[in-house]
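Descriptive structure summary
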Amino acid sequence: GCPGARADTLLLLGAGGGQCKKLSIPRDSFAEIPGQDAQKINAAYAFGGAALQIETVSNFLGIPIDHVVIMNFTGFADFINAIGGVKIDVPEKLCANISGGKKNGGTTIRLQEGSNTLDGNDALAYARTREDTVQDPKCQLPAGYDDLDRAAAQQRVLNGIKGRLTSPLRLPYNFIKGPIIGWDAPKAFVSDMGGFTLPQVAMAAILGGSGDTNVLGEKSATPGPASSLFIPQGACQEAVQKLTGGDPPRE
């Protein structure tokens with residue numbers, strides 16, 4: 001990551017027993033950051049890199065975190081292109097201008113309600129969209145679209161990857177593209193895990209579990225200080241129970 005940069009996305013994985021459960025943590029969640037004032041949880045990365053971000057998330061949920069993976073979004077887009085794009089189901093019609101929109105050198109995405117097939121760049125734009133600063137009456141996000149919707153979108157993209165890699169209709173294509181996938185994927189990740197363990201975890205994250213979209217505080221978050229989201233303690237406990245099968249070992 002760049003010095004002083006905040007974490008763009010926080011996704012917690014619980015791997016074991018042949019499954020991998022996923023929990024998205026909204027980047028705007030109001031949290032205690034060791035050595036700093038309480039603020040949006042993703043600021044921890046700017047203050048102390050991955051180590052402080054891990055400590056902050058661990059304290060926030062009351063659970064230990066064993067490993068970290070830092071993902072490069074450009075590499076992630078390449079990976080999606082390598083498997084021929086992804087098909088995602090969008091709950092409502094969406095149009096957004098990212099980085100000024102296509103007219104200004106950025107990206108404009110227009111998605112219909114229901115099934116959409118996206119290439120790597122559009123999938124990345126969809127996964128990162130949280131607000132639209134371009135005043136365009138013909139292209140607007142749904143009313144109230146926020147960080148919780150963004151976190152859910154990211155999991156839809158992961159489910160889309162799962163669908164591509166497990167589709168019986170695409171097995172020959174994925175087999176042919178296999179060397180490309182194997183070549184591109186490592187460029188997307190930096191991790192403290194060894195080369196053998198990381199691909200296992202990455203594939204478990206994509207292929208494991210039911211594909212349910214789990215976002216912390218999606219039904220209970222309320223506005224917090226400085227445009228943050230306040231997540232009730234009970235919601236954190238419930239999320240940990242779904243992720244690990246038990247209560248958090250710490251408050």
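Note that the structure is predicted; figures quoted are calculated from it, not measured.

What counts and how
Residues numbered from 1 in each chain as written. Predicted model: local features only at pLDDT ≥ 70, side-chain atom pairs only at ≥ 80, totals over all residues. Heavy atoms only, no water. Helix = DSSP H or I, 4+ residues; strand = E, 2+ residues; numbered from the N terminus. Buried < 20%, exposed > 50% of the residue type's maximum accessible area, 1.4 Å probe, protein only. Contact = heavy atoms within 4.5 Å. Areas by Shrake-Rupley, 256 points an atom, 1.4 Å probe, with all protein chains shown as cover. Disulfide = S-S within 2.5 Å. Patch = residues over 30% accessible without salt bridge, like charges linked within 9 Å, V, L, I, M, F, W, Y side chains within 5 Å. Salt bridge = Lys/Arg side-chain N within 4 Å of Asp/Glu carboxyl O. Lys, Arg positive; Asp, Glu negative; His and termini not counted. Charge placed at Lys NZ, Arg CZ, Asp CG, Glu CD. Polar contact = N/O pair within 3.5 Å; in protein donor to acceptor, adjacent residues only side chain to side chain.

Counting its regular elements, the protein chain contains eight helices and twelve strands. Residues classed as buried in the protein chain amount to 42% of the 251 residues present. In the protein chain, the proportion of contacts linking residues at least 24 apart, taken out of those at least 6 apart, comes to 64%. Entry remark: accessible area of the protein chain is about 13,300 Å², with carbon and sulfur atoms responsible for 54%.

Scanning the model with the defined rule gives one disulfide in all. Two residues share a disulfide in this structure: Cys 95 and Cys 139, whose sulfurs sit 2.0 Å from each other. Measuring handedness by torsion sign, the sulfur bridge of Cys 95 and Cys 139 sits at about -100° and is left-handed. Remark: Cys 139 occurs in the loop between α3 (120–128) and α4 (147–166) and Cys 95 occurs in strand β7 (residues 94–98); sequence separation between them is 44 residues. Assigned by exposure class, Cys 95 and Cys 139 land together as buried.

Moving on, we come to a positive patch on the surface. On the surface, Lys 93, Lys 103, Arg 110 and Lys 138 cluster together into a positively charged patch. Positionally, Lys 93 belongs in the loop between β6 (86–90) and β7. Assessed through its relative accessible area of 59%, Lys 93 is described here as exposed.

In this model, Ser 99 sits at a positive phi of 55°, which is unusual for a non-glycine residue. Summarising the element assignment, Ser 99 is placed in the loop between β7 and β8 (107–111). At Ser 227, a residue that is not glycine, the phi angle is positive and equals roughly 60°. Inspection of the secondary structure puts Ser 227 in the loop between β11 (222–223) and β12 (229–230). The class for Ser 227 is exposed, based on a relative accessible area of 55%.

Secondary-structure assignment places Ser 29 in the loop between β2 (19–24) and β3 (30–31). On the basis of relative accessible area, Ser 29 is assigned to the buried category, the value being 0%. Engagement of the side chain of Ser 29 in a polar contact is seen with the backbone oxygen of Pro 26, the distance being 2.8 Å. Among all residues touching Ser 29, those that are not within four sequence positions of it are Gln 39, Lys 40, Ile 41, Phe 60, Leu 229 and Ile 231.

Moving on to the environment of Leu 148. With respect to the helices and strands, Leu 148 occurs in helix α4. When the C-alpha atoms of Leu 148 and Lys 219 are compared, they prove to be 9.4 Å apart, with 71 residues separating the residues in sequence. Residues contacting Leu 148, with those up to four places away along its chain left out, are Pro 26, Val 215, Leu 216, Gly 217, Glu 218, Ala 221 and Leu 229.

Next up on the list: the pattern of salt bridges. This structure, assessed with the given rule, holds seven salt bridges. The partner of Asp 147 in a salt bridge is Arg 130, and the shortest N-O contact between them spans 3.8 Å. With Asp 147 in helix α4 and Arg 130 in the loop between α3 and α4, this pair connects stretches of sequence that are 17 residues apart. For Arg 130, a relative accessible area of 21% translates into the label partly exposed. Three or more residues joined by partner-sharing salt bridges are found here, namely Asp 8, Arg 27, Arg 128 and Arg 150.

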